[in-house]
There are 2 protein chains.
Amino acid sequence: MANIKQVAKQAGVSVATVSRFLNNKDYVSQEAKAAIERAIKDLNYRPNQVARSLTTKQTNLIGLIVPDITNPFFPQLARAVEDTALALGYTVVLCNSDEQQEKELHYIAMLRQTYVAGFIVASNLISEQSYLDLNIPVVALDRSPESLLPNVSTNNFEAAKLGASYLIERGAKHLICLRGTVDVASSNERVDGFLAAMTEAVDYEILIGDYGFDNAYKLMTTYLQQGKPVDGIFTCSDYAALGVLKAVKEAGLRVPEDIQIVGYDGIQLGELVPPGLTTVAQPVYNLGEQATRMLVNKLEGKDNPDTRIVLEASLCVRGTTK
Amino acid sequence: MANIKQVAKQAGVSVATVSRFLNNKDYVSQEAKAAIERAIKDLNYRPNQVARSLTTKQTNLIGLIVPDITNPFFPQLARAVEDTALALGYTVVLCNSDEQQEKELHYIAMLRQTYVAGFIVASNLISEQSYLDLNIPVVALDRSPESLLPNVSTNNFEAAKLGASYLIERGAKHLICLRGTVDVASSNERVDGFLAAMTEAVDYEILIGDYGFDNAYKLMTTYLQQGKPVDGIFTCSDYAALGVLKAVKEAGLRVPEDIQIVGYDGIQLGELVPPGLTTVAQPVYNLGEQATRMLVNKLEGKDNPDTRIVLEASLCVRGTTK
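Chemist: Would you take a moment to explain the packing of aromatic side chains for this structure?
Modeler: The relation between two aromatic rings is expressed through the spacing of the ring centres and the mutual angle of the planes. Per the stated rule, a full pass over the model turns up twelve aromatic pairs over all chains. Ring plane angle 5 degrees and centroid distance 6.4 Å describe the contact between Phe213(A) and Tyr217(A), whose orientation is recorded as stacked. Separated by four residues within a single helix, Phe213(A) and Tyr217(A) lie in helix α10 (residues 213-225), roughly one turn from each other. The class for Phe213(A) is buried, based on a relative accessible area of 4%. For the ring pair Phe194(B) and Tyr204(B), a centre distance of 6.0 Å and an interplane angle of 80 degrees mean the geometry is edge-to-face. Highlighted residues: Phe194(B) in helix α9 (residues 185-197) and Tyr204(B) in strand β7 (residues 203-208), separated in sequence by ten residues. Connected via pairs of aromatic rings, a cluster forms that spans Phe194(A), Tyr204(A) and Phe234(A).

Chemist: Mind showing me how you'd approach the environment of Asp42(B) here?
Modeler: Residue and element names in this part refer to chain B. Looking at the element boundaries, Asp 42 is found in helix α3 (residues 30-43). Taking C-alpha positions, Asp 42 is 9.0 Å from Gln 10, a pair spaced 32 residues apart along the chain. One polar contact links Asp 42 to Gln 10, side chain to side chain, over a distance of 3.4 Å.

Chemist: Sorry, what's going on with the environment of Leu43(B) here?
Modeler: Residue and element names in this part refer to chain B. With respect to the helices and strands, the residue Leu 43 is situated in helix α3. Look at Leu 43 and you get partly exposed, because its relative accessible area is 26%. Considered as a pair, Leu 43 and Val 7 are 36 residues apart in the sequence and their alpha carbons are 7.2 Å apart.

Chemist: Can you walk me through the pattern of salt bridges in this structure?
Modeler: Close approach of charged atoms allows side chains of opposite charge to pair. Throughout the structure, instances matching the rule amount to 18 salt bridges over all chains. Residue Arg143(A) is joined to Glu128(A) by a salt bridge in which the shortest nitrogen-to-oxygen separation is 3.5 Å. Of this pair, Arg143(A) sits in the loop between β4 (138-141) and β5 (151-154) while Glu128(A) sits in helix α7 (residues 128-132), and the two are 15 residues apart along the sequence. For Arg143(A), a relative accessible area of 5% corresponds to the buried category. Salt-bridge contacts for Arg190(B) lead to Asp142(B); the nearest nitrogen and oxygen are separated by 3.2 Å. Here the residue Arg190(B) occupies a position in helix α9, and Asp142(B) occupies one in the loop between β4 (138-141) and β5 (151-154), the gap between them amounting to 48 residues. Pair check on accessibility: Arg190(B) and Asp142(B) agree, each one buried. Because the salt bridges share partners, they merge into one network encompassing Lys246(A), Glu250(A) and Glu271(B).

Chemist: What is the right way to read unusual backbone geometry from this model?
Modeler: Negative phi characterises most residues that are not glycine, and trans characterises most peptide bonds. Cis peptide bonds are those with omega within 30 degrees of zero, and the linkage from Val255(B) to Pro256(B) qualifies with 10 degrees. Its location among the elements puts Pro256(B) in the loop between α11 (238-250) and β9 (260-265). Look at the link from Pro274(B) to Pro275(B): it is a cis peptide, with omega at 0 degrees. Here Pro275(B) lies in the loop between α12 (269-272) and β10 (278-281). Backbone geometry at Asp265(A) places phi at a positive 145 degrees, although glycine is not the residue there. When you line up the elements, Asp265(A) lands in strand β9 (residues 260-265).

Chemist: Explain helix α13 (residues 284-299) of chain B here, please?
Modeler: Residues that lie three or four places apart on an α-helix share one face, since the helix turns once every 3.6 residues. Residues and elements named next belong to chain B. The terminal C-alpha atoms of α13, which comprises 16 residues, lie 23 Å apart, in line with the 22 Å expected from a rise of 1.5 Å per residue. Of all the residues in α13, the buried ones are Val 284, Leu 287, Gly 288, Ala 291, Thr 292, Met 294, Leu 295, Val 296 and Leu 299. Gly 301 occupies a position one or two residues after α13 and carries a positive phi of about 65 degrees.

Chemist: Looking at this structure, how should I read helix α8 (residues 156-169) of chain A?
Modeler: For α8(A), spanning 14 residues, the distance from its first C-alpha to its last is 20 Å, which sits close to the expected 20 Å at 1.5 Å a residue. Once α8(A) ends, the next one or two residues include Gly171(A), with phi positive near 105 degrees.

Cut-offs and rules
Here the residue numbering is sequential within each chain, running from 1 through the sequence in written order. Lettering for chains starts from A, numbering for ligands starts from 1, and both go in the order in which the items are written. The predicted nature of this model means local features are confined to residues of pLDDT at least 70 and side-chain atom pairs, given and counted, to a pLDDT of 80 or more, with totals for whole chains, interfaces and linings taken over all residues. The side-chain values count all of the structure's non-hydrogen atoms but skip hydrogen atoms and water molecules. Only Phe, Tyr and Trp rings are paired, with Trp represented by its six-membered ring, and only when their centres lie within 6.5 Å; those with planes under 30 degrees apart are stacked, over 60 edge-to-face, the remainder tilted. Numbering of helices and strands runs from the N terminus, with a helix taken as a DSSP run of H or I at least four residues long and a strand as a DSSP run of E at least two residues long. Under the scheme applied here, a residue whose accessible area is under 20% of the maximum for its type counts as buried, over 50% as exposed, and between as partly exposed, the area being computed with a 1.4 Å probe on protein chains only. Within 3.5 Å is the distance limit for a polar contact, defined as a pair of N or O atoms, with the added protein rule that one can donate a hydrogen and the other accept it, and that residues adjacent in sequence qualify only through two side-chain atoms. Here a salt bridge means any side-chain nitrogen of Lys or Arg lying within 4 Å of a carboxyl oxygen belonging to Asp or Glu. The span you would expect from a helix comes to 1.5 Å times its residue count less one.

Listed below in structure tokens is the structure:
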């Protein structure tokens, strides 16, 4: 492979000029630029990323941190981020924090040492201040629009209100909201949306779970054994809704005749599991794309007035509601 | 944070000695080693990864390339690789090739430039020779045991034979094998296993699809419209089996009464989708763990007689078979 000396020779400039060109630092004349670009192309020269990152303290790696890669929402989101990043010349390093703070901190430290250009954070464990302290661009994704970090999210409150209202509209009188863990801001907003939909004609209960399948299944199995009246369940994630659906069916109850269920997220899987999950669908691909564009704009110092993008969700009616 | 000079001072050795120690190069006396280790611990010194990788041409990053992150098999596999790698002191960079050769080549080039320590490759698009040419440790995962690369896989032939035999044992007479794309070696072996299970008492047809949901759904929908007799379907992935299940149900046929289905992989999701997917379950977590240990052993120059590990699959009987 060609090296920087050969590029300089071919372009008729000094190695220092090529180096300035590669690192976008200081002044390089238009003629020199054109000559270097030609030489790079002719020689098929690829600058060594590690050597460059020592000088520029920057790579074109984006760290994407997700809380649970086995929840199908996150692979769908990751794919949108990857697609967009690749088209913009960046490579995505996908890190699964597995909802473990230690793992997340390890990934951040590791990537920081390799001069990752920026982070997109879709997990909720580490304090936002820790990310701000990194002093590199960070965009929060699928967190709360109230986040201190620049962020892209769905309007959690309105979306959850939409889903819970639909359960009441379809006749549910005894509702449950299965929420995520209490330290997750997006989950707090979804619960607020659920509460805003409640009327005097219904009663409700809030159960604390997480966005995963297993806990939702266990919680609902235990709950149903108590024999309390329930005919409508709103969950704060689709993956949790599938756990609820399994528990309800195993309890010998019919969906939607006995119990109606509305999920949240819009994962592809919701369509697969009979009778089809009614859900508040986030614009998953758009979320990932917008977050990536926002981060890349920051990395490239482009004008970027939007440090907060809030997208709207839509109701997707399938078979778990009447 | 402490730097290398402080470590050298505290340890009472030269900076060059600390550098030799960090890079595992040349001779460092036992006393110096002990003093440096103590100093590193006392000062909480962490060597700069980028600077080190310029010298050692190595990082502790492992690139994991998967073909389709939206197929739930791969997130499950990735999680096992991540868990194991983290415990062994490595960080996993997850790359989704999205079954696009260009994307895969881009990831490889990018990671190679940042001196990734090694690759675990669970995709099938790039020729094995390309990986061998990288001259860094590479382990193939979930490919063919006949691979040129060191590899960890399930016994595809025996596993598929087990699944197809079970369909016949439960009374299927008109079988379909929905295989993956023809260039995927693991799929070829699974088809061979299917064929080995066929007897004179049955007829069969082989359909070429891929391991994804969408194609399986479309293929089977079209096939069923032709009205040919079919009462047993073996698919070469669970994700494809779910697509088949959807098509069969939409065609107004009952599972397992009219058509029995056996999948391949053992994804968690198979349990979720009623009536529960009968499948040939690969030991997913063990596959990921073994591949990671094999790669790390290679990276660390440890004795590693196993350049080929073949694990056995097991039949997991649920509701899609009688």
